[in-house]
Amino acid sequence: MARVPHANLDCSPGCPVEGVLALIGGKWKGLILYHLLDGTLRFNEIRRRVPNVTQRMLTTQLRELEADGLLVRTVYAEVPPRVEYSLSPRGRSLEPIILALKAWGEEHLRPAAAASATASAVIAA
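Residues numbered from 1 in each chain as written. Predicted model: local features only at pLDDT ≥ 70, side-chain atom pairs only at ≥ 80, totals over all residues. Heavy atoms only, no water.

The protein chain is annotated in an unreviewed UniProt entry as Transcriptional regulatory protein,related to MarR family from Azospirillum baldaniorum.

Trainee: Give a detailed account of the overall build of the protein chain, specifying residues and quantitative values.
Mentor: Each helix and strand in the protein chain was counted, giving 7 helices and 3 strands. For the protein chain, the α and β elements follow one another from N to C terminus as α-α-β-α-α-β-β-α-α-α. In the protein chain, which comprises 125 residues, the proportion classed as buried is 27%. When contacts within the protein chain are restricted to residue pairs at least 6 apart in sequence, those whose partners lie at least 24 apart make up 46%. Carbon and sulfur atoms form 59% of the exposed surface of the protein chain, whose accessible area is close to 8400 Å². (Helix = DSSP H or I, 4+ residues; strand = E, 2+ residues; numbered from the N terminus. Buried < 20%, exposed > 50% of the residue type's maximum accessible area, 1.4 Å probe, protein only. Contact = heavy atoms within 4.5 Å. Areas by Shrake-Rupley, 256 points an atom, 1.4 Å probe, with all protein chains shown as cover.)

Trainee: Explain the sheet that holds strand β2 (residues 71-76) to me, using residue names and the numbers behind them.
Mentor: If you walk across this open sheet you meet the 3 strands as β1-β3-β2, and the pairing is antiparallel. Sheet topology places β1 (41-42) and β2 at the edges, where each strand pairs with a single neighbour. Of the strand pairs in this sheet, β2 and strand β3 (residues 82-87) are connected by 6 bridges, and their pairing is antiparallel. Looking at β3, one finds that Tyr76 is bridged to Arg82. On top of the sheet, helix α2 (residues 29-36) reaches β1, β2 and β3; it is set at about 90° to β3, its chief contact. (Pairing = 2+ DSSP bridges. Axes fitted to C-alpha atoms, helices over the stretch in contact; angles between N-to-C directions.)

Trainee: Go over the pattern of salt bridges with me, naming the residues and quoting the values.
Mentor: A side chain of one charge can pair with a side chain of the opposite charge if their charged atoms are brought near each other. Applying the stated criterion across every chain, the model contains 6 salt bridges. Between Glu106 and Lys102 there is a salt bridge, with the nearest N and O atoms lying 2.6 Å from each other. Here the residue Glu106 and the residue Lys102 both occupy positions in helix α6 (residues 95-108), the gap between them amounting to 4 residues, near one helical turn. One connected set of salt bridges, linked through shared partners, spans Glu78, Arg82 and Glu84. (Salt bridge = Lys/Arg side-chain N within 4 Å of Asp/Glu carboxyl O.)

Trainee: Go over unusual backbone geometry, please, and point to the residues and values.
Mentor: Between Val79 and the following residue, Pro80, the backbone shows a cis peptide bond with an omega angle of -5°. Among the structural elements, Pro80 can be located in the loop between β2 and β3.

Trainee: Give me the lowdown on the environment of Gly30, citing residues and values where you can.
Mentor: Position of Gly30 among the secondary structure elements: in helix α2. For Gly30 and Leu101, which are 71 residues apart along the polypeptide, the C-alpha to C-alpha distance reads 9.5 Å.

Trainee: Give me the packing of aromatic side chains: which residues, what numbers.
Mentor: All chains considered together, the criterion is met by 0 aromatic pairs. Positioned over the ring face of Tyr76 is Arg82, at 3.8 Å from the centre of the ring. (Phe/Tyr/Trp six-rings, centres within 6.5 Å; stacked < 30°, edge-to-face > 60°. Lys NZ or Arg CZ within 6 Å of the ring centre and 35° of its normal.)

Trainee: Residues and numbers for the packing of α2 against helix α4 (residues 55-67), please.
Mentor: It is at 10 Å that the axes of α2 and α4 come closest, and there the two elements cross at 70°. If you check the angle between α2 and α4, you find them roughly perpendicular. Counting all contacts with α2, which are made through Lys29, Ile32 and Leu33, the residues of α4 involved are Leu58, Gln61, Leu62, Glu64 and Leu65. For the contact of α2 with α4, the per-class residue count stands at 5 nonpolar, 1 polar and 2 charged. (Parallel < 35°, antiparallel > 145°, perpendicular 65-115°, else oblique. Nonpolar A, V, L, I, M, F, W, Y, C, P; charged D, E, K, R; others polar.)

And the structure:
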């Protein structure tokens, strides 16, 4: 579960930001949440969409997201067992934030070649 240094998030104007970053921070949680915006996914489908994550780390991140109430893990009583992950209503409420992060990244984290071409065009003008 995400650790927030403050038990009460009204301690300063930045405390809620700190709390949100504790929930969705980490190397893989944001990507997992982003891919679950498309709908319900099984464990291996998430692994295929986030290929650099290890099985152990993905399991850990999914458990933390579930414990924080951001996703729902559904286990079906079948042989072999089928497990699906989907966003909870609380997790779905992060959609505008995740999409805003994606848009900001597309705008500000362009590859160096595109950025230098833009800089060259500005200097030439």
